Amino acid sequence: MVGRMALRPVARRAVPDQVFEQLLVEVIDGGLRPGESLPSERELAETLGVSRAAVREALQRLSQTRLVEVRHGGSTKVRDFRRAAGLDLLGSLLVRDGSIDPSVARSILEARLVVGPAVAALAAQRHPDGIGGQLQRAIEALAAEPEPVGWQLAALAFWDVVVDAADSIVFQLMFNSMRATYEPTIEVLSALMSGELNQLAAYGSLADAIVAGDADAARQAAEKLLTPSTNALLSAFAELEKPR
């Protein structure tokens, strides 16, 4: 089984992160299919040129990410990541071999456009005490930012306030995962995000709707804010997905 897998010796010995990343790619790309048993720790260690301890740690991480299942008797079975994994896998799916996967990026953008307005509507419904001041300070921070990357970080801080106001642990965890996935790509995407990040008036409209407790207006304002950059990014990634 090891012979047909696209594994290669790890450049630095006893590095669990590199072992984990190689096995992760095998699971995601189908080199290791759902239901298939992984080779033994000894076989993997010999193939990768690392210690069994490094392999064991990598397998534990795969199990924690719900990509494999360690069964009674010591066998390790591959799980279908599309049905078993959580949002914590997004970062590994988005950036592969140093490049952004356009289909994964598209999925994230589509989810963002659906989730953002829903979160804004909840924030308006609940509009906790002090939300107006928090949103105003976040908008002032946006206005003070002179460059695109800083704008994006300030925009994320604005959405931090909105998500907190929505008081939904599920949306909070979704936002955390999407933010952790997005932040490493900020510099690459800054040019395409500029249409959204320069809309101070749109941020103000969203803040006003939340403070007023108007859920419908907040949903519409969030959609208006998020749509231009979403469409620009979707178009860019659609071009990347076209056969060359």
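Before reading further, recall that the structure is shown in the block above.
Residues numbered from 1 in each chain as written. Predicted model: local features only at pLDDT ≥ 70, side-chain atom pairs only at ≥ 80, totals over all residues. Heavy atoms only, no water.

Our next topic: the overall build of the chain. When its secondary structure is counted, the chain shows twelve helices and four strands. Residues counted as buried form 44% of the 244 residues belonging to the chain. A separation of at least 24 residues holds for 70% of the contacts in the chain among residues at least 6 apart in sequence. Split by element, the accessible area of the chain, about 12,700 Å² in all, is 52% carbon and sulfur. (Helix = DSSP H or I, 4+ residues; strand = E, 2+ residues; numbered from the N terminus. Buried < 20%, exposed > 50% of the residue type's maximum accessible area, 1.4 Å probe, protein only. Contact = heavy atoms within 4.5 Å. Areas by Shrake-Rupley, 256 points an atom, 1.4 Å probe, with all protein chains shown as cover.)

Each pair of packed helices can be described by the angle between their axes along with the distance between the axes. Between helix 6 (residues 102–126) and helix 11 (residues 200–212), whose axes approach to 6 Å, the crossing angle comes to 40°. It follows that helix 6 is oblique to helix 11 by the angle criterion. Along its contact with helix 6, which presents Ala 120, Ala 123 and Ala 124, the element helix 11 presents Leu 206, Ala 209 and Ile 210. Looking at side-chain class alone, the contact of helix 6 with helix 11 contains six nonpolar, no polar and no charged residues. (Axes fitted to C-alpha atoms, helices over the stretch in contact; angles between N-to-C directions. Parallel < 35°, antiparallel > 145°, perpendicular 65-115°, else oblique. Nonpolar A, V, L, I, M, F, W, Y, C, P; charged D, E, K, R; others polar.)

Taken as a whole and assessed by the stated rule, the structure comprises two aromatic pairs. Aromatic side chains Phe 158 and Trp 159 sit 6.1 Å apart centroid to centroid with 85° between the ring planes, which places their arrangement in the edge-to-face category. Judged by relative accessible area, Phe 158 falls into the buried class, the value being 0%. Between Phe 158 and Tyr 203, the ring centres sit 5.0 Å apart and the planes meet at 85°, which makes this aromatic pair edge-to-face. In this pair, Phe 158 sits in helix 8 (residues 148–166) while Tyr 203 sits in helix 11, placing the two residues 45 residues apart along the sequence. With respect to class, Phe 158 is no different from Tyr 203; both count as buried. By way of ring pairs, the aromatic residues Phe 158, Trp 159 and Tyr 203 are connected into one cluster. (Phe/Tyr/Trp six-rings, centres within 6.5 Å; stacked < 30°, edge-to-face > 60°.)

So, on to helix 7 (residues 131–144). In this model, helix 7 (14 residues) spans 20 Å end to end at C-alpha, consistent with the 20 Å of a helix rising 1.5 Å per residue. Taken as a whole, helix 7 has its buried residues at Ile 131, Leu 135, Ala 138, Ile 139 and Leu 142. The buried residues of helix 7 all sit within an arc of 100° when viewed along its axis, so they share a single face. Opposite its buried face, helix 7 presents the exposed residues Arg 137 and Ala 144, each directed more than 90 degrees away. Its buried side turned inward, helix 7 meets helix 8 and helix 11. (Expected span 1.5 Å × (residues − 1). Arc of directions from axis to C-beta.)

Overall, the coordinates contain nine salt bridges when judged by the stated rule. When the shortest N-O distance is used, the salt bridge between Asp 80 and Arg 83 registers 2.8 Å. Given the relative accessible area of 24%, Asp 80 is considered partly exposed. Here Arg 83 falls in the exposed class, since its relative accessible area comes to 72%. Here Arg 179 ties to Asp 160 by a salt bridge, and the two come within 2.4 Å at their closest N and O atoms. Here the residue Arg 179 occupies a position in helix 9 (residues 169–182), and Asp 160 occupies one in helix 8, the gap between them amounting to 19 residues. The partly exposed category is assigned to Asp 160, whose relative accessible area is 24%. Connected via shared salt-bridge partners are Glu 41, Arg 52 and Arg 56. (Salt bridge = Lys/Arg side-chain N within 4 Å of Asp/Glu carboxyl O.)

You can see Thr 230 is positioned in helix 12 (residues 215–241). The class of Thr 230 is buried, set by a relative accessible area of 0%. Reaching out from Thr 230, the side chain makes a polar contact with the side chain of Arg 112 at a distance of 3.1 Å. Not counting the four nearest positions on each side in its chain, Thr 230 is found in contact with Leu 109, Arg 112 and Leu 113. (Polar contact = N/O pair within 3.5 Å; in protein donor to acceptor, adjacent residues only side chain to side chain.)

A few words now on helix 1 (residues 16–29). Between the first and last C-alpha of helix 1 there are 20 Å, a value that for 14 residues agrees with the 20 Å anticipated at 1.5 Å per step. Looking at the buried side of helix 1, the elements it contacts are helix 2 (41–48), helix 3 (52–64), strand 2 (76–78), helix 4 (81–84), helix 5 (90–94) and strand 3 (95–96). Downstream of helix 1 by a residue or two, Gly 30 has a phi angle that is positive, lying close to 90°.

Residue Arg 66 is not a glycine yet carries a positive backbone phi of 65°. Mapping Arg 66 onto the fold places it in the loop between helix 3 and strand 1 (68–70). The backbone of Asp 167 sits at a positive phi, close to 55°, despite the residue not being glycine. Tracing the chain through its elements places Asp 167 in the loop between helix 8 and helix 9.

The quantities given are spatial measurements derived from coordinates; they are silent on function.
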